[in-house]
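A closer look at the structure
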2 protein chains.
Amino acid sequence: MRVVVPFDAAEPKTRLAPVLDPAERREFAERMLADVLRAVAASSVPVEELRVLATTPVDLDDDHATVRVDDRPLSVAVNDVLDETFDADGAGAADVVAVVMADLALVTPRSIERLCERRGDVVVAPGRGVGTNALVVRTSGFAVDFHGASYLDHRRAAADVGTLATVDSFRLSTDVDEPADLVEAFVHGGSRTRQWLEARFDLAVDDDEGRVTLDRQ
Amino acid sequence: MRVVVPFDAAEPKTRLAPVLDPAERREFAERMLADVLRAVAASSVPVEELRVLATTPVDLDDDHATVRVDDRPLSVAVNDVLDETFDADGAGAADVVAVVMADLALVTPRSIERLCERRGDVVVAPGRGVGTNALVVRTSGFAVDFHGASYLDHRRAAADVGTLATVDSFRLSTDVDEPADLVEAFVHGGSRTRQWLEARFDLAVDDDEGRVTLDRQ
(Lines give C-alpha, C1' and ligand atoms only; values in the text may rest on other atoms or scores of the structure.)
Protein backbone atom coordinates (compact mmCIF):
# COMPACT_ATOMS: atom_id res chain seq x y z
CA MET A 1 0.00 0.00 0.00
CA ARG A 2 1.11 3.52 -0.80
CA VAL A 3 0.08 6.00 1.88
CA VAL A 4 -0.02 9.65 0.89
CA VAL A 5 -0.21 12.46 3.44
CA PRO A 6 -0.91 15.83 1.78
CA PHE A 7 0.63 18.73 3.72
CA ASP A 8 0.34 22.46 3.09
CA ALA A 9 3.90 23.41 4.02
CA ALA A 10 3.74 26.97 2.70
CA GLU A 11 1.08 28.53 4.90
CA PRO A 12 -0.51 25.82 7.01
CA LYS A 13 -3.64 26.11 9.16
CA THR A 14 -4.60 29.71 8.31
CA ARG A 15 -7.98 29.25 9.98
CA LEU A 16 -6.19 28.96 13.33
CA ALA A 17 -5.00 32.57 12.94
CA PRO A 18 -7.34 33.85 15.72
CA VAL A 19 -5.36 31.84 18.30
CA LEU A 20 -1.94 30.99 16.80
CA ASP A 21 0.58 33.26 15.05
CA PRO A 22 2.16 32.16 11.74
CA ALA A 23 5.26 30.58 13.33
CA GLU A 24 3.07 28.71 15.85
CA ARG A 25 0.75 27.51 13.13
CA ARG A 26 3.67 26.06 11.23
CA GLU A 27 5.10 24.34 14.33
CA PHE A 28 1.73 23.00 15.31
CA ALA A 29 1.01 21.71 11.79
CA GLU A 30 4.37 19.92 11.79
CA ARG A 31 3.56 18.29 15.13
CA MET A 32 0.26 17.01 13.80
CA LEU A 33 1.98 15.73 10.64
CA ALA A 34 4.55 13.91 12.78
CA ASP A 35 1.79 12.25 14.81
CA VAL A 36 -0.02 11.14 11.66
CA LEU A 37 3.18 9.66 10.18
CA ARG A 38 3.97 7.83 13.41
CA ALA A 39 0.46 6.41 13.62
CA VAL A 40 0.75 5.03 10.08
CA ALA A 41 4.21 3.61 10.71
CA ALA A 42 3.15 2.04 14.03
CA SER A 43 0.07 0.40 12.52
CA SER A 44 -0.02 -3.17 11.23
CA VAL A 45 -0.87 -1.92 7.74
CA PRO A 46 1.67 -3.18 5.17
CA VAL A 47 2.97 0.18 3.95
CA GLU A 48 5.33 -0.03 1.00
CA GLU A 49 5.66 3.72 0.69
CA LEU A 50 4.74 6.53 3.06
CA ARG A 51 4.90 9.76 1.14
CA VAL A 52 4.31 13.32 2.31
CA LEU A 53 2.90 15.32 -0.57
CA ALA A 54 4.04 18.82 0.37
CA THR A 55 3.40 22.13 -1.37
CA THR A 56 6.97 23.29 -0.58
CA PRO A 57 10.03 21.42 0.73
CA VAL A 58 9.76 20.27 4.32
CA ASP A 59 12.27 18.66 6.69
CA LEU A 60 10.88 15.53 8.28
CA ASP A 61 12.20 14.02 11.46
CA ASP A 62 10.90 10.65 10.34
CA ASP A 63 12.80 7.77 8.81
CA HIS A 64 9.71 6.07 7.45
CA ALA A 65 8.48 8.82 5.16
CA THR A 66 9.66 10.47 1.97
CA VAL A 67 8.68 13.90 0.69
CA ARG A 68 7.46 14.79 -2.75
CA VAL A 69 6.97 18.47 -3.49
CA ASP A 70 3.98 19.36 -5.64
CA ASP A 71 2.70 22.91 -5.52
CA ARG A 72 -0.44 22.28 -7.51
CA PRO A 73 -3.88 22.28 -5.86
CA LEU A 74 -4.53 19.39 -3.46
CA SER A 75 -6.94 17.41 -5.63
CA VAL A 76 -4.72 17.70 -8.73
CA ALA A 77 -1.65 16.50 -6.83
CA VAL A 78 -3.51 13.55 -5.27
CA ASN A 79 -5.06 12.53 -8.59
CA ASP A 80 -1.59 12.51 -10.07
CA VAL A 81 -0.54 9.95 -7.45
CA LEU A 82 -3.63 7.86 -8.25
CA ASP A 83 -2.88 7.99 -11.99
CA GLU A 84 0.72 7.04 -11.40
CA THR A 85 -0.26 4.13 -9.14
CA PHE A 86 -2.93 2.60 -11.32
CA ASP A 87 -1.23 3.25 -14.64
CA ALA A 88 -0.38 -0.20 -15.98
CA ASP A 89 3.04 1.08 -17.00
CA GLY A 90 3.95 2.26 -13.50
CA ALA A 91 6.94 0.11 -12.64
CA GLY A 92 6.60 -1.41 -9.20
CA ALA A 93 3.51 0.59 -8.47
CA ALA A 94 1.53 -0.32 -5.37
CA ASP A 95 -1.99 -1.51 -5.99
CA VAL A 96 -3.65 0.40 -3.21
CA VAL A 97 -3.43 4.09 -2.30
CA ALA A 98 -4.48 5.50 1.04
CA VAL A 99 -4.77 9.26 1.48
CA VAL A 100 -4.65 10.55 5.05
CA MET A 101 -4.80 14.26 5.81
CA ALA A 102 -1.93 15.75 7.80
CA ASP A 103 -4.19 17.50 10.33
CA LEU A 104 -5.80 14.35 11.73
CA ALA A 105 -4.10 14.85 15.08
CA LEU A 106 -6.32 12.24 16.75
CA VAL A 107 -5.41 9.28 14.55
CA THR A 108 -4.00 6.19 16.20
CA PRO A 109 -2.47 3.06 14.66
CA ARG A 110 -5.81 1.33 15.29
CA SER A 111 -7.86 3.94 13.41
CA ILE A 112 -5.45 3.69 10.46
CA GLU A 113 -5.87 -0.08 10.54
CA ARG A 114 -9.65 0.21 10.57
CA LEU A 115 -9.45 2.51 7.52
CA CYS A 116 -7.16 0.18 5.59
CA GLU A 117 -8.81 -3.11 6.63
CA ARG A 118 -12.23 -2.04 5.41
CA ARG A 119 -13.09 -3.72 2.12
CA GLY A 120 -14.27 -1.78 -0.90
CA ASP A 121 -12.90 -0.35 -4.12
CA VAL A 122 -13.12 3.02 -2.44
CA VAL A 123 -13.24 3.51 1.33
CA VAL A 124 -14.07 6.95 2.70
CA ALA A 125 -13.67 8.32 6.22
CA PRO A 126 -16.11 11.22 6.46
CA GLY A 127 -14.99 14.40 8.16
CA ARG A 128 -17.10 17.00 9.91
CA GLY A 129 -18.81 19.39 7.52
CA VAL A 130 -19.33 16.76 4.79
CA GLY A 131 -15.60 16.61 4.08
CA THR A 132 -13.35 13.65 3.39
CA ASN A 133 -10.51 13.18 5.87
CA ALA A 134 -9.07 9.93 4.60
CA LEU A 135 -9.71 7.46 1.83
CA VAL A 136 -8.45 4.24 0.36
CA VAL A 137 -8.54 3.60 -3.39
CA ARG A 138 -8.15 0.12 -4.86
CA THR A 139 -9.29 0.74 -8.42
CA SER A 140 -8.42 2.87 -11.43
CA GLY A 141 -10.88 5.42 -12.77
CA PHE A 142 -11.53 7.17 -9.45
CA ALA A 143 -10.56 10.81 -8.99
CA VAL A 144 -10.71 12.89 -5.84
CA ASP A 145 -12.21 16.36 -5.44
CA PHE A 146 -11.70 17.72 -1.95
CA HIS A 147 -13.59 20.96 -2.46
CA GLY A 148 -17.00 21.47 -0.84
CA ALA A 149 -19.23 18.51 0.02
CA SER A 150 -16.48 16.08 -0.90
CA TYR A 151 -17.93 13.20 1.11
CA LEU A 152 -21.03 13.19 -1.12
CA ASP A 153 -18.97 13.74 -4.29
CA HIS A 154 -16.67 10.87 -3.41
CA ARG A 155 -19.61 8.58 -2.70
CA ARG A 156 -21.05 9.31 -6.14
CA ALA A 157 -17.70 8.95 -7.89
CA ALA A 158 -17.05 5.64 -6.11
CA ALA A 159 -20.43 4.25 -7.17
CA ASP A 160 -19.42 4.88 -10.80
CA VAL A 161 -16.30 2.71 -10.59
CA GLY A 162 -17.04 0.00 -8.01
CA THR A 163 -17.97 -0.65 -4.41
CA LEU A 164 -17.95 1.97 -1.67
CA ALA A 165 -17.46 1.58 2.07
CA THR A 166 -17.20 4.10 4.87
CA VAL A 167 -15.37 4.03 8.20
CA ASP A 168 -17.15 5.24 11.32
CA SER A 169 -14.36 6.86 13.35
CA PHE A 170 -14.36 9.90 15.61
CA ARG A 171 -10.58 10.04 15.28
CA LEU A 172 -10.62 10.03 11.49
CA SER A 173 -13.56 12.46 11.36
CA THR A 174 -11.80 15.14 13.39
CA ASP A 175 -9.52 17.40 11.37
CA VAL A 176 -8.01 20.27 13.30
CA ASP A 177 -8.92 23.33 11.27
CA GLU A 178 -10.47 25.92 13.54
CA PRO A 179 -9.84 27.20 17.07
CA ALA A 180 -12.75 25.14 18.43
CA ASP A 181 -11.03 21.96 17.18
CA LEU A 182 -7.95 22.52 19.34
CA VAL A 183 -9.70 21.16 22.40
CA GLU A 184 -10.15 17.79 20.64
CA ALA A 185 -6.42 17.69 19.85
CA PHE A 186 -5.60 18.69 23.44
CA VAL A 187 -7.63 15.83 24.92
CA HIS A 188 -7.46 13.06 22.29
CA GLY A 189 -4.45 13.99 20.13
CA GLY A 190 -1.17 12.20 19.50
CA SER A 191 1.67 12.80 21.93
CA ARG A 192 3.60 15.41 19.90
CA THR A 193 0.48 17.45 19.29
CA ARG A 194 -0.66 17.21 22.90
CA GLN A 195 2.71 18.19 24.35
CA TRP A 196 2.86 21.24 22.12
CA LEU A 197 -0.62 22.36 23.17
CA GLU A 198 -0.09 21.55 26.85
CA ALA A 199 2.91 23.90 26.91
CA ARG A 200 0.72 26.79 25.79
CA PHE A 201 -2.90 26.16 26.80
CA ASP A 202 -4.99 24.99 29.74
CA LEU A 203 -8.35 23.29 29.64
CA ALA A 204 -11.16 25.52 30.96
CA VAL A 205 -14.81 24.77 31.67
CA ASP A 206 -17.36 27.52 31.26
CA ASP A 207 -19.54 27.14 34.35
CA ASP A 208 -22.75 28.45 32.82
CA GLU A 209 -22.86 26.46 29.60
CA GLY A 210 -20.58 23.65 30.71
CA ARG A 211 -18.58 24.14 27.51
CA VAL A 212 -14.93 23.17 27.44
CA THR A 213 -12.39 25.51 25.84
CA LEU A 214 -8.65 26.14 25.82
CA ASP A 215 -7.19 29.20 27.56
CA ARG A 216 -3.74 30.62 26.81
CA GLN A 217 -1.35 30.19 29.72
CA MET B 1 -29.17 -4.96 29.06
CA ARG B 2 -31.15 -1.92 30.11
CA VAL B 3 -30.83 0.94 27.62
CA VAL B 4 -31.68 4.42 28.89
CA VAL B 5 -32.24 7.35 26.55
CA PRO B 6 -32.43 10.65 28.45
CA PHE B 7 -34.69 13.20 26.73
CA ASP B 8 -35.37 16.81 27.62
CA ALA B 9 -39.05 16.87 26.73
CA ALA B 10 -39.81 20.25 28.30
CA GLU B 11 -37.66 22.60 26.25
CA PRO B 12 -35.45 20.56 23.96
CA LYS B 13 -32.53 21.81 21.87
CA THR B 14 -32.53 25.45 22.99
CA ARG B 15 -29.16 26.04 21.33
CA LEU B 16 -30.84 25.51 17.96
CA ALA B 17 -32.92 28.66 18.60
CA PRO B 18 -31.03 30.70 15.94
CA VAL B 19 -32.44 28.45 13.19
CA LEU B 20 -35.50 26.63 14.60
CA ASP B 21 -38.51 28.04 16.47
CA PRO B 22 -39.72 26.32 19.68
CA ALA B 23 -42.31 24.11 17.94
CA GLU B 24 -39.74 23.07 15.33
CA ARG B 25 -37.15 22.31 17.98
CA ARG B 26 -39.59 20.02 19.73
CA GLU B 27 -40.57 18.22 16.51
CA PHE B 28 -36.95 17.87 15.47
CA ALA B 29 -35.89 16.57 18.88
CA GLU B 30 -38.66 13.96 18.73
CA ARG B 31 -37.50 12.85 15.27
CA MET B 32 -33.96 12.38 16.55
CA LEU B 33 -35.26 10.46 19.59
CA ALA B 34 -37.30 8.20 17.30
CA ASP B 35 -34.22 7.46 15.17
CA VAL B 36 -32.16 6.64 18.26
CA LEU B 37 -34.84 4.27 19.60
CA ARG B 38 -35.16 2.54 16.22
CA ALA B 39 -31.40 2.11 15.94
CA VAL B 40 -31.29 0.44 19.36
CA ALA B 41 -34.28 -1.79 18.60
CA ALA B 42 -32.88 -2.78 15.19
CA SER B 43 -29.46 -3.66 16.60
CA SER B 44 -28.44 -7.16 17.62
CA VAL B 45 -27.93 -6.01 21.21
CA PRO B 46 -30.03 -8.07 23.65
CA VAL B 47 -32.15 -5.27 25.10
CA GLU B 48 -34.33 -6.30 28.01
CA GLU B 49 -35.62 -2.79 28.60
CA LEU B 50 -35.48 0.32 26.44
CA ARG B 51 -36.43 3.26 28.60
CA VAL B 52 -36.82 6.92 27.70
CA LEU B 53 -35.95 9.00 30.73
CA ALA B 54 -37.96 12.14 30.04
CA THR B 55 -38.19 15.37 32.01
CA THR B 56 -41.94 15.64 31.27
CA PRO B 57 -44.44 13.13 29.81
CA VAL B 58 -43.90 12.34 26.13
CA ASP B 59 -45.92 10.32 23.62
CA LEU B 60 -43.79 7.78 21.83
CA ASP B 61 -44.68 6.22 18.53
CA ASP B 62 -42.54 3.24 19.42
CA ASP B 63 -43.62 -0.16 20.71
CA HIS B 64 -40.21 -1.10 21.99
CA ALA B 65 -39.70 1.71 24.47
CA THR B 66 -41.25 2.76 27.77
CA VAL B 67 -41.17 6.22 29.31
CA ARG B 68 -40.19 7.15 32.81
CA VAL B 69 -40.68 10.76 33.83
CA ASP B 70 -37.99 12.23 36.07
CA ASP B 71 -37.67 15.99 36.22
CA ARG B 72 -34.45 16.07 38.19
CA PRO B 73 -31.16 17.09 36.57
CA LEU B 74 -29.80 14.65 33.99
CA SER B 75 -26.94 13.21 36.03
CA VAL B 76 -29.13 12.67 39.10
CA ALA B 77 -31.79 10.87 37.09
CA VAL B 78 -29.25 8.62 35.34
CA ASN B 79 -27.45 7.80 38.59
CA ASP B 80 -30.80 6.76 40.05
CA VAL B 81 -31.15 4.22 37.24
CA LEU B 82 -27.61 2.95 37.90
CA ASP B 83 -28.34 2.61 41.64
CA GLU B 84 -31.58 0.78 40.96
CA THR B 85 -29.89 -1.59 38.50
CA PHE B 86 -26.89 -2.53 40.58
CA ASP B 87 -28.66 -2.59 43.92
CA ALA B 88 -28.55 -6.22 45.01
CA ASP B 89 -32.17 -5.95 46.09
CA GLY B 90 -33.40 -4.81 42.70
CA ALA B 91 -35.75 -7.56 41.64
CA GLY B 92 -35.07 -8.69 38.09
CA ALA B 93 -32.62 -5.91 37.52
CA ALA B 94 -30.51 -6.06 34.38
CA ASP B 95 -26.79 -6.35 34.94
CA VAL B 96 -25.74 -3.86 32.33
CA VAL B 97 -26.91 -0.30 31.68
CA ALA B 98 -26.28 1.59 28.46
CA VAL B 99 -26.99 5.32 28.31
CA VAL B 100 -27.47 6.79 24.85
CA MET B 101 -28.28 10.46 24.36
CA ALA B 102 -31.46 11.29 22.46
CA ASP B 103 -29.78 13.75 20.09
CA LEU B 104 -27.42 11.23 18.49
CA ALA B 105 -29.21 11.53 15.16
CA LEU B 106 -26.42 9.71 13.32
CA VAL B 107 -26.51 6.47 15.28
CA THR B 108 -27.07 3.24 13.41
CA PRO B 109 -27.72 -0.27 14.69
CA ARG B 110 -24.05 -1.03 13.98
CA SER B 111 -22.74 1.88 16.07
CA ILE B 112 -24.98 0.79 18.96
CA GLU B 113 -23.60 -2.74 18.60
CA ARG B 114 -20.02 -1.45 18.64
CA LEU B 115 -20.78 0.47 21.85
CA CYS B 116 -22.36 -2.50 23.58
CA GLU B 117 -19.93 -5.16 22.32
CA ARG B 118 -16.90 -3.33 23.64
CA ARG B 119 -15.59 -4.97 26.80
CA GLY B 120 -14.93 -3.00 29.97
CA ASP B 121 -16.59 -2.24 33.28
CA VAL B 122 -17.27 1.20 31.85
CA VAL B 123 -17.33 1.97 28.12
CA VAL B 124 -17.43 5.61 27.02
CA ALA B 125 -18.20 7.08 23.62
CA PRO B 126 -16.59 10.53 23.62
CA GLY B 127 -18.53 13.42 22.14
CA ARG B 128 -17.17 16.59 20.60
CA GLY B 129 -16.12 19.17 23.18
CA VAL B 130 -14.92 16.56 25.71
CA GLY B 131 -18.46 15.40 26.39
CA THR B 132 -19.87 11.92 26.82
CA ASN B 133 -22.50 10.91 24.30
CA ALA B 134 -23.05 7.31 25.30
CA LEU B 135 -21.76 4.88 27.87
CA VAL B 136 -22.13 1.35 29.10
CA VAL B 137 -21.84 0.49 32.79
CA ARG B 138 -21.31 -3.07 34.00
CA THR B 139 -20.32 -2.44 37.61
CA SER B 140 -21.67 -0.85 40.76
CA GLY B 141 -19.96 2.15 42.29
CA PHE B 142 -19.81 4.25 39.13
CA ALA B 143 -21.70 7.54 38.92
CA VAL B 144 -22.13 9.83 35.93
CA ASP B 145 -21.59 13.58 35.81
CA PHE B 146 -22.47 15.01 32.43
CA HIS B 147 -21.48 18.60 33.19
CA GLY B 148 -18.32 20.08 31.67
CA ALA B 149 -15.42 17.89 30.60
CA SER B 150 -17.43 14.76 31.32
CA TYR B 151 -15.30 12.52 29.12
CA LEU B 152 -12.29 13.15 31.37
CA ASP B 153 -14.38 12.91 34.54
CA HIS B 154 -15.89 9.59 33.43
CA ARG B 155 -12.46 8.22 32.58
CA ARG B 156 -11.21 9.04 36.06
CA ALA B 157 -14.33 7.68 37.76
CA ALA B 158 -14.13 4.47 35.74
CA ALA B 159 -10.49 3.94 36.72
CA ASP B 160 -11.60 4.00 40.36
CA VAL B 161 -14.05 1.12 39.96
CA GLY B 162 -12.65 -1.10 37.21
CA THR B 163 -11.63 -1.23 33.58
CA LEU B 164 -12.35 1.50 31.05
CA ALA B 165 -12.76 1.26 27.28
CA THR B 166 -13.69 3.83 24.68
CA VAL B 167 -15.47 3.55 21.34
CA ASP B 168 -14.08 5.40 18.34
CA SER B 169 -17.21 6.36 16.41
CA PHE B 170 -18.03 9.46 14.39
CA ARG B 171 -21.72 8.60 14.68
CA LEU B 172 -21.63 8.31 18.47
CA SER B 173 -19.43 11.41 18.79
CA THR B 174 -21.84 13.67 16.95
CA ASP B 175 -24.61 15.11 19.11
CA VAL B 176 -26.83 17.62 17.39
CA ASP B 177 -26.73 20.66 19.64
CA GLU B 178 -25.93 23.72 17.58
CA PRO B 179 -26.89 25.04 14.14
CA ALA B 180 -23.56 23.91 12.66
CA ASP B 181 -24.39 20.32 13.67
CA LEU B 182 -27.53 20.21 11.52
CA VAL B 183 -25.52 19.59 8.38
CA GLU B 184 -24.20 16.34 9.89
CA ALA B 185 -27.76 15.20 10.64
CA PHE B 186 -28.86 16.21 7.12
CA VAL B 187 -26.16 14.10 5.46
CA HIS B 188 -25.57 11.21 7.87
CA GLY B 189 -28.70 11.16 10.07
CA GLY B 190 -31.40 8.54 10.55
CA SER B 191 -34.31 8.55 8.12
CA ARG B 192 -36.84 10.40 10.32
CA THR B 193 -34.35 13.15 11.10
CA ARG B 194 -33.21 13.47 7.51
CA GLN B 195 -36.72 13.64 6.11
CA TRP B 196 -37.66 16.38 8.54
CA LEU B 197 -34.59 18.44 7.62
CA GLU B 198 -34.91 17.79 3.87
CA ALA B 199 -38.43 19.27 3.96
CA ARG B 200 -37.06 22.55 5.30
CA PHE B 201 -33.42 22.97 4.28
CA ASP B 202 -31.13 22.58 1.28
CA LEU B 203 -27.42 21.82 1.30
CA ALA B 204 -25.32 24.78 0.17
CA VAL B 205 -21.61 25.05 -0.56
CA ASP B 206 -19.86 28.35 0.09
CA ASP B 207 -17.69 28.78 -3.02
CA ASP B 208 -14.91 30.76 -1.36
CA GLU B 209 -14.24 28.64 1.70
CA GLY B 210 -15.73 25.41 0.37
CA ARG B 211 -17.77 25.15 3.57
CA VAL B 212 -21.02 23.24 3.54
CA THR B 213 -24.08 24.72 5.28
CA LEU B 214 -27.85 24.36 5.32
CA ASP B 215 -30.07 27.05 3.78
CA ARG B 216 -33.75 27.46 4.59
CA GLN B 217 -35.97 26.63 1.63
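First, a word on scope: everything that follows refers to the structure included in this document. (Residues numbered from 1 in each chain as written. Chains lettered and ligands numbered in written order. Predicted model: local features only at pLDDT ≥ 70, side-chain atom pairs only at ≥ 80, totals over all residues. Heavy atoms only, no water.)

**Considerations on the environment of Leu152 of chain B**
Rules: Every helix listed is a DSSP run of H or I at least four residues long, and every strand listed is a run of E at least two residues long, numbered separately from the N terminus. Remark: exposure states derive from per-residue accessible area (1.4 Å probe, protein chains only) relative to the maximum for the residue type, with buried under 20%, exposed over 50%, and partly exposed in between. Residue contacts follow a heavy-atom distance rule, with two residues in contact if any of their heavy atoms lie within 4.5 Å.
Tracing the backbone through its elements, the reader meets Leu152 of chain B in helix H4 (residues 150-161). Here Leu152 of chain B falls in the partly exposed class, since its relative accessible area comes to 22%. Between the alpha carbons of Leu152 of chain B and Pro126 of chain B there is a distance of 9.2 Å; along the sequence they are 26 residues apart. If we ignore the near neighbours within four places in the chain, the residues touching Leu152 of chain B are Val187 and Leu203 of chain A together with Val130 of chain B.

**Some remarks on the relation of the copies chain A and chain B**
The test is simple: Alignment of copies: least-squares fit on C-alpha atoms of residues with pLDDT of at least 70 in both copies.
Mapping chain A onto chain B leaves a residual RMSD of 0.0 Å; the transformation is a rotation of 180° accompanied by 0.0 Å of translation along its axis. The two molecules are tied by a two-fold rotation axis, judged by turn and shift. Interface overlap between copies: 100% of the residues of chain A at the interface are likewise at the interface in chain B, consistent with a symmetric, same-surface contact.

**Examining the interface of chain A and chain B**
To keep things clear, this is the line we draw: Accessible area that two parts lose when put together, with a 1.4 Å probe and added across both, is what the buried area reports. Salt bridges, as used here, are contacts in which a Lys or Arg side-chain nitrogen is within 4 Å of a carboxyl oxygen on Asp or Glu. Pairs of N or O atoms are called polar contacts if they sit within 3.5 Å, as long as, within protein, a hydrogen donor faces a hydrogen acceptor (for residues adjacent in sequence, only side-chain-to-side-chain pairs).
On the side of chain B, 33 residues touch chain A, which itself brings 33 residues to the contact. Taken over both partners, the interface formed by chain A and chain B buries close to 2700 Å², and the fraction arising from carbon and sulfur atoms is 54%. Taken as a group, Arg128, Asp168 and Phe170 of chain A account for 26% of the area that chain A buries against chain B, more than any other trio of residues on that side. Arg128 of chain A is paired through a salt bridge with Asp181 of chain B; the nearest N and O atoms lie 3.3 Å apart. Taken together, chain A and chain B are joined by 14 residue pairs in polar contact (both at pLDDT 80 or more). With 4 residues, helix H6 (residues 182-188) of chain A is the single largest residue contributor to the side of chain A that touches chain B.

**Digging into the pairing of strand E8 (residues 201-205) of chain B**
Residue and element names in this part refer to chain B. For clarity, the threshold we go by: Pairing between strands is defined by DSSP: at least two bridges between the two strands are required.
The pairing of E8 with strand E9 (residues 212-216) spans 5 bridges and is antiparallel. When the bridges of E9 are listed, Ala204 appears paired with Thr213. The antiparallel hairpin formed by E8 and E9 contains 6 residues in its connecting segment, where Gly210 sits at a positive phi of about 75°.

**Digging into the packing of helix H1 (residues 22-42) of chain A against helix H7 (residues 191-198) of chain A**
Residue and element names in this part refer to chain A. Condition: In this description, a line fitted to the C-alpha atoms serves as the axis of each element, helices being fitted only across the stretch in contact, and the angle between N-to-C directions of two axes falls anywhere from 0 to 180 degrees. What sets the label is the angle itself: under 35 degrees gives roughly parallel, over 145 gives roughly antiparallel, 65 to 115 gives roughly perpendicular, and the rest give oblique. The nonpolar class holds Ala, Val, Leu, Ile, Met, Phe, Trp, Tyr, Cys and Pro. Asp, Glu, Lys and Arg form the charged class, and all remaining residues, Gly among them, are polar.
It is the contact of H1 with H7, at a shortest axis distance of 7 Å, that shows an interaxial angle of 150°. Considering their axes alone, H1 and H7 lie roughly antiparallel with respect to each other. On H7, the residues that touch Glu24, Glu27, Phe28, Arg31, Met32, Ala34, Asp35 and Arg38 of H1 are Ser191, Arg192, Thr193, Gln195, Trp196 and Leu197. Considered class by class, the residues forming the contact of H1 with H7 number 5 nonpolar, 3 polar and 6 charged.

**Some details on helix H3 (residues 109-117) of chain B**
Buried residues of H3 of chain B: Ser111, Ile112, Glu113, Arg114, Leu115 and Cys116 of chain B, and no others. Buried residues in H3 of chain B make contact with helix H3 (109-117) of chain A together with helix H1 (22-42), strand E4 (97-100), strand E5 (122-127), strand E6 (131-137) and helix H5 (170-173) of chain B.

**A closer look at the sheet that holds E4 of chain B**
Residue and element names in this part refer to chain B. One open sheet holds the 7 strands; their spatial order is E3-E2-E1-E4-E6-E5-E7, and the pairing between them is mixed. Looking along the sheet, the strands with just one partner apiece sit at the ends: strand E3 (65-69) and strand E7 (164-166). Neighbour to neighbour, the strand axes of the sheet diverge by 25° on average, direction disregarded. As paired strands, strand E1 (residues 2-7) and E4 are joined by 3 bridges and run parallel to one another. Considered in E4, the bridge of Val3 is made with Ala98. Taken strand by strand, H4 contacts E5, E6 and E7, and its axis lies near 25° from that of E6.

**Notes on unusual backbone geometry**
Residue and element names in this part refer to chain A. Here the phi dihedral of Lys13 falls at roughly 55°; this positive angle occurs in a residue that is not glycine. Relative to the helices and strands, Lys13 is located in the loop between strand E1 (2-7) and H1. Lys13 sits in the buried class, given a relative accessible area of 15%. Unusually for a residue other than glycine, Val130 sits at a positive phi of about 65°.

**Structural notes on helix H2 (residues 74-86) of chain B**
The periodicity of an α-helix, 3.6 residues per turn, causes residues three or four places apart in sequence to face the same way. Residue and element names in this part refer to chain B. Note the following rule: Expected helix span is computed as 1.5 Å times (number of residues minus one).
Its 13 residues give H2 an end-to-end C-alpha distance of 19 Å, which sits within 8% of 18 Å, the value for a rise of 1.5 Å per residue. For H2, the set of buried residues is Ser75, Ala77, Val78, Asn79, Val81, Leu82 and Thr85. Residues of H2 that are buried in the fold lie against E1, strand E2 (49-54), E4 and E6.

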